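# Descriptive analysis of the structure
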Amino acid sequence: MFDSLSDKLQRVFKNIRGEGKLTAENMEVALKEIRVALLEADVHFKVVKAFMEGVRTKALGQEVLSSFSPAQQVIKIVRDELITVLGTHTARLRTANQPPTVVMVVGLQGSGKTTSSGKLARYLSKNGHRPLLVSVDVYRPAARQQLAVLAKDLDIPIYEGTPEETKPVDLARSARRQAEISGRDMVLVDTAGRLHIDEDLMSELSQLKEALNPTEILFVADAMTGQDAVKSAEEFHKRLGITGVVLTKMDGDARGGAALSIRHITGQPLKFVGTGEKSDALEAFHPDRAASRILGMGDVLSFIEKVESAVDQKKAEQMQRKLLEDDFTLEDFRDQLKQLRKLGSLESLLGMMPQVGMLKELKNVKVDEKEFTRVVAIIDSMTPKERDNHMLINGSRRRRIAKGSGTSVQDVNNLLKQYGQARKMMKSVSGGLLGKKMGKLKLPFPNPFG
């Protein structure tokens, strides 16, 4: 979602680098371009004003104008100000002194509250907590059914209530009692929403807040709605006192303005971002990493965390041994692809890479995610002996494999060719020759780029 803003800022920095010497005049031109880039990204005008005042004061200082590398100084100043706007540290979920911790999830209808509640439950479960879900949306039966389905898929308990419990407060209180009895340390309360803010909604949420005394009140905002999300967050905070924001649809075509505006306008931190539709597509928001991505510096730390959480360490060690012994089979190739799929969308992973050197063009790569499924199907259609020794696969075997996997012989040929390239590259990595070989080889993926 930051691509457009990132491109424009990088053009500004490129122009600065092209100047023989920075002066107050050409620095003013650059600052004007930065301001326009932020406004076009739908950043709130108050945020842009505060941001530009901070950047201008520092960028026009004598230290920058006379420095040996003024462009780098300006980039650092912009990054520091972005972090100030986004939040100087990663905001964690607070927990109650006496469990269970109650988290109210609030927001307008259609913002993604129910889906975010499920994602948050999974996130907490993966991080050592024992969450219990409850929906108190008594007006929209589909909302409660949706949460029940999500809970079942995630294998997380949900309090569904009794026929007598028709009021949100009664449901929420019973859910908290159930959590105490069953040893659950977190209760996630998915509240009702409206298409707009009204007195009935706020009155109900205020009653829930008074009855539950929640540790966290998380406002779910749709990044696609831009400044409307910021206005709604501000209004909810004035009326309810939110403690943090979950921004959904960060993987969409939003321009990034909501993410850059919410903290400054509400004074409350952006705690989580939704990056896709799957249950694992929820990430803690790191202001410093977001600032680095906006400036084209990548987000290698998040990439490493994704790999560490998804990759089986024992299998990784076995693969290292196979590489050293030059024993990388088609079955290993398939397993590596499956491990890669666990990391999420390949486009999102490429977006975490620094936009420099040979990596600069990665953000323009279009990924055919279905290709991974086709490749796995082709390898699964092979016999164990064929997977163990690809040299056995002659013409008739290729026709049989193509028929069994619903693909063509050409697809099978392409896979074998790319497997050969991957095998060579893996061998060069184990031999310490990656630097020399990388430029000559295709990426070790089975043609996922259209």
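Look a little higher up for the structure.
Here we summarise the structure given alongside this text.

Cut-offs and rules
- Residues numbered from 1 in each chain as written.
- Predicted model: local features only at pLDDT ≥ 70, side-chain atom pairs only at ≥ 80, totals over all residues.
- Heavy atoms only, no water.
- Pairing = 2+ DSSP bridges.
- Helix = DSSP H or I, 4+ residues; strand = E, 2+ residues; numbered from the N terminus.
- Contact = heavy atoms within 4.5 Å.
- Axes fitted to C-alpha atoms, helices over the stretch in contact; angles between N-to-C directions.
- Parallel < 35°, antiparallel > 145°, perpendicular 65-115°, else oblique.
- Left-handed = near helix turned anticlockwise from the far one by under 90°.
- Core = buried A, V, L, I, M, F, W, Y, C linked by side-chain atoms within 4.5 Å.
- Buried < 20%, exposed > 50% of the residue type's maximum accessible area, 1.4 Å probe, protein only.
- Phe/Tyr/Trp six-rings, centres within 6.5 Å; stacked < 30°, edge-to-face > 60°.
- Lys NZ or Arg CZ within 6 Å of the ring centre and 35° of its normal.
- Polar contact = N/O pair within 3.5 Å; in protein donor to acceptor, adjacent residues only side chain to side chain.
- Nonpolar A, V, L, I, M, F, W, Y, C, P; charged D, E, K, R; others polar.
- Expected span 1.5 Å × (residues − 1).

## Concerning the sheet that holds strand S8 (residues 282–284)
Reading across from one edge, S3-S2-S4-S1-S5-S6-S7-S8 is the order of the eight strands in this open sheet, with mixed pairing throughout. Pairing within the sheet leaves two strands with one partner each, and these edge strands are strand S3 (158–159) and S8. Note that strand S7 (residues 270–274) and S8 share three bridges and pair antiparallel. Counterpart to Phe272 in the pairing with S8 is Ala284. Sheet strands in contact with helix H9 (residues 199–212) are strand S1 (101–106), strand S4 (186–190) and strand S5 (216–222), and its direction is about 175° off that of S1. Sheet strands in contact with helix H10 (residues 227–240) are S1 and S5, and its direction is about 160° off that of S5.

## Some details on the packing of H10 against helix H11 (residues 257–266)
It is the contact of H10 with H11, at a shortest axis distance of 9 Å, that shows an interaxial angle of 25°. In terms of their interaxial angle, H10 and H11 are classed as roughly parallel. Relative to H11, H10 is oriented so that their crossing is right-handed. Only Gly257, Ala258, Ser261, Ile262, Ile265 and Thr266 of H11 make contact with H10, whose side of the interface consists of Gln227, Val230, Ala233, Glu234 and His237.

## As for the nonpolar core
Core analysis: the biggest nonpolar cluster contains 73 residues, and Ile34, Leu38, Phe51, Val78, Leu205, Phe236 and Leu247 have the highest contact counts within it. The biggest single contributor to this core is helix H5 (residues 70–86), with eight residues. Ignoring any residue separated from it by four or fewer positions in sequence, one finds Phe236 in contact with Val106, Gly107, Leu108, Ile197, Leu201, Met202, Leu205, Phe219, Gly241 and Ile242. Ranked by size, the runner-up nonpolar core spans 19 residues in total, among them Leu124, Ile156, Leu218 and Ala284.

## Some points on the packing of aromatic side chains
How two aromatic rings sit relative to each other is given by the distance of their centres and the angle of their planes. Per the counting criterion, the structure on display carries two aromatic pairs. With 5.0 Å between their ring centres and 80° between their planes, Tyr123 and Phe272 make a pair best called edge-to-face. One end of the pair, Tyr123, is in helix H6 (residues 113–126); the other, Phe272, is in strand S7, and 149 residues separate them in sequence. Owing to a relative accessible area of 22%, Tyr123 belongs among the partly exposed residues under this scheme. In this structure Phe272 comes out as buried when scored by relative accessible area, which is 3%. With 4.9 Å between their ring centres and 45° between their planes, Phe219 and Phe236 make a pair best called tilted. Note that Phe219 is positioned in strand S5 and Phe236 in helix H10, a separation of 17 residues in sequence. A residue is classified by how much of its surface remains accessible, and Phe219, at 2% relative accessible area, is buried. Of the residues examined, Phe236 reaches a relative accessible area of 0% and is grouped as buried. The aromatic ring of Tyr139 is capped on one face by Arg194, whose charged end is 5.2 Å from the ring centroid.

## Comments concerning the side chain of Thr266
Considering the arrangement of structural elements, one finds Thr266 in helix H11. Here the side chain of Thr266 touches Gln268 through a polar contact of 3.0 Å, landing on its backbone nitrogen. Ignoring anything within four residues of it in the chain, the contact list for Thr266 reads Ala233, Glu234 and His237.

## Here we look at the pairing of S1
Among the six residues that make up S1, six are buried, leaving the element largely enclosed by the rest of the structure. A two-sided burial pattern is seen for S1, the buried positions comprising Thr101, Val103 and Val105 on one face and Val102, Met104 and Val106 on the other. Across five bridges, S1 lies against S4 in parallel orientation. Bridged to Thr101 within S4 is Met186. For S1 and S5, the ladder comprises four bridges, and the chain directions are parallel. Following the sheet pairing, Val103 is matched in S5 by Glu216.

## Topic: the packing of helix H8 (residues 168–182) against H9
Running from N to C, H8 and H9 cross one another at 30°; their axes reach a closest spacing of 10 Å. Taken together, the axes of H8 and H9 are roughly parallel relative to one another. Crossing geometry of H8 relative to H9 is assigned as right-handed. When H8 is examined against H9, the residues Pro168, Val169, Ala172, Arg173 and Arg176 are found in contact with a partner set consisting of Glu204, Gln207, Leu208, Ala211 and Leu212. Across the contact of H8 with H9, the residue classes tally to six nonpolar, one polar and three charged.

## Quick notes on H8
A rise of 1.5 Å per residue sets the reference length of H8, with its 15 residues, at 21 Å; its end C-alpha atoms lie 21 Å apart and thus fit the reference within 8%. Within H8, burial applies to Pro168, Val169, Leu171, Ala172, Ser174, Ala175 and Ala179. Buried positions along H8 lie against strand S2 (131–135), helix H7 (141–154), S3, S4 and H9.

## Quick notes on unusual backbone geometry
Cis geometry marks the peptide bond from Pro99 to Pro100; its omega dihedral reads 5°. By secondary structure assignment, the location of Pro100 is in the loop between H5 and S1. With a phi close to 70°, Asp42 is a non-glycine residue in the positive phi region. Examined against the element boundaries, Asp42 turns out to sit in the loop between helix H2 (24–40) and helix H3 (45–59).

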